[in-house]
Amino acid sequence: MRTISQKELQDILAKHKKWLYDERGGERADLSETDLRSGYLANANLQYADLSHANLSHVDLRNA
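From a predicted model like this one, the values you see are computed outputs, not experimental measurements.

## A few points about unusual backbone geometry
One non-glycine residue, glutamate 33, adopts positive backbone phi at about 55°. Along the chain, glutamate 33 falls in the loop between α1 (6-20) and β2 (34-35). Located in the positive-phi region is asparagine 63, a residue other than glycine, with phi close to 60°. Looking at the element boundaries, asparagine 63 is found in the segment after β2.

This is the structure we're talking about:
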């Protein structure tokens, strides 16, 4: 399982948002097999993001 920093997560989510709106520089979020424990995903648009086998224990998903 890979680990990423909160900064890396924010960068991935920013690119994912661009991808969702078909903007230049966008990329679908691939968070599969990522350890996101205790991460902060509140208000993130996770539509179509790949979260398969990700560890979402104690993740703040309010309004996500």
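So that's the structure; there's more coming.
## Remarks on the environment of asparagine 45
Structurally, asparagine 45 is set in the segment after β2. Residue contacts for asparagine 45: discarding those within four places in its chain leaves His16 and Leu20. Among the polar contacts listed, one links the side chain of asparagine 45 to the backbone nitrogen of glutamine 47, at a separation of 3.0 Å.

Reading the values: the criteria
Residues numbered from 1 in each chain as written. Predicted model: local features only at pLDDT ≥ 70, side-chain atom pairs only at ≥ 80, totals over all residues. Heavy atoms only, no water. Helix = DSSP H or I, 4+ residues; strand = E, 2+ residues; numbered from the N terminus. Contact = heavy atoms within 4.5 Å. Polar contact = N/O pair within 3.5 Å; in protein donor to acceptor, adjacent residues only side chain to side chain.

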